[in-house]
Amino acid sequence: MDMLNQISNRIATLNSGEKWTVSAQELLISRADFQSISVFFSRESEKGQFSIDLPSSLRTWFEQTSFTIIKN
C-alpha cells in the first residue's frame, strides 16, 4: 500500500499537462507487482484527475513495464 500512496502523492504534485513515466525498474518491483499497480492506476484514471498512456508498441497490460501518467 505504501507504494500506491507514494505514486498517488507524486501524481498530486504534478501540474496540469505534466507527464511522468512510471516503470517497474524505477520502482524496483517485479513485473507482476507492476502489472497490479498498472491496473489500479488505470482504474483510478477513470475518475478524470489524470490519464494513462501506454507505449504504442505495448498495448497489452501483461507486456508492459512502464506507463505514462498525464495530469489533467
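Right, let's walk through the structure included here. These numbers come from a predicted model, not from an experiment. Think of each chain on its own: its residues are numbered from 1, step by step along the sequence as written. Note on the predicted model: pLDDT of at least 70 is required for a residue's local features to be given, and 80 or more for side-chain atom pairs to be given and counted; whole-chain, interface and lining totals, by contrast, use all residues. Hydrogens are left out, water is left out, and the side-chain values use all remaining heavy atoms of the structure.

### A closer look at the nonpolar core
Part 1: Note on terminology: a nonpolar core comprises buried Ala, Val, Leu, Ile, Met, Phe, Trp, Tyr and Cys residues joined through side-chain atoms within 4.5 Å. Think of it in three bands: with a 1.4 Å probe and only protein chains considered, a residue is buried below 20% of the maximum accessible area for its type, exposed above 50%, and partly exposed in between. Ranked by size, the top nonpolar core spans 15 residues in total, and within it I7, I11, W20, V22, F41, F67 and I69 carry the most contacts.
Part 2: Broken down by secondary-structure element, the contributors of at least two residues to this core are α1 (2–13), β1 (19–23), α2 (24–27), α3 (31–45) and β3 (66–71).
Part 3: In what follows, residue pairs with any heavy atoms lying within 4.5 Å of each other are defined as contacts. In this structure I69 touches I7, I11, L14, E18, K19, W20, V22, F50, S51 and I52, once residues within four positions along its chain are discounted. Numbering of helices and strands runs from the N terminus; a helix is a DSSP stretch of H or I covering at least four residues, while a strand is a stretch of E covering at least two.

### A closer look at α3
Part 1: End to end, α3 covers 20 Å across 15 residues, agreeing with the expected 21 Å (1.5 Å per residue, within 8%).
Part 2: Three or more residues of α3 are buried, namely F34, I37, S38, F41, S42 and S45. Taken down its axis, α3 places every buried residue within 140° of arc, on the same side.
Part 3: Against the buried residues of α3 lie α1, β1, α2, β2 (50–53) and β3. Here the expected span of a helix is defined as 1.5 Å times the quantity of residues minus one. In this description, one arc is meant: the one made by directions from the helix axis to the C-beta atoms.

### Topic: the pattern of salt bridges
Part 1: The term salt bridge refers to a side-chain nitrogen of Lys or Arg lying within 4 Å of a carboxyl oxygen of Asp or Glu. Counted by the stated rule, this structure contains two salt bridges.
Part 2: Between R43 and E46 there is a salt bridge whose closest N-O contact spans 3.4 Å.
Part 3: Exposure remark for E46: the relative accessible area of 60% places this residue in the exposed category.
Part 4: For K47, the salt bridge identified is with E44, shortest N-O distance 3.2 Å.
Part 5: You can call K47 exposed: its relative accessible area is 61%.
Part 6: For E44, a relative accessible area of 24% gives the class partly exposed.

### Regarding the environment of S23
Part 1: By the element assignment, S23 lies in strand β1.
Part 2: Sequence separation of S23 and F34 is 11 residues, and the distance between their C-alpha atoms is 7.8 Å.
Part 3: Contact partners of S23, with chain neighbours within four places excluded, come to F34, T65 and S66.

### Looking at the packing of α1 against α3
Part 1: For the pair α1 and α3, interaxial distance at closest approach is 11 Å and the crossing angle is 45°. Judged by the angle between their axes, α1 and α3 are oblique. Taken as a pair, α1 and α3 cross one another with a handedness that is right-handed. Contact with α1, carried on its side by M3, L4, I7, S8 and I11, involves I37, F40 and F41 of α3 and no other residues of that element.
Part 2: Any residue that is not Ala, Val, Leu, Ile, Met, Phe, Trp, Tyr, Cys, Pro, Asp, Glu, Lys or Arg is counted as polar, Gly included; the first ten are nonpolar and the last four charged. Residues that form the contact of α1 with α3 fall into these classes: seven nonpolar, one polar and no charged. To define axes, lines are fitted to C-alpha atoms, for helices over the stretch in contact only, and angles between the resulting N-to-C directions are given on a 0 to 180 degree scale. Put simply, angles under 35 degrees are roughly parallel, angles over 145 are roughly antiparallel, angles from 65 to 115 are roughly perpendicular, and the rest are oblique. Crossing chirality is assigned from the near helix's rotation relative to the far helix, an anticlockwise turn below a right angle marking it left-handed and a clockwise turn marking it right-handed.

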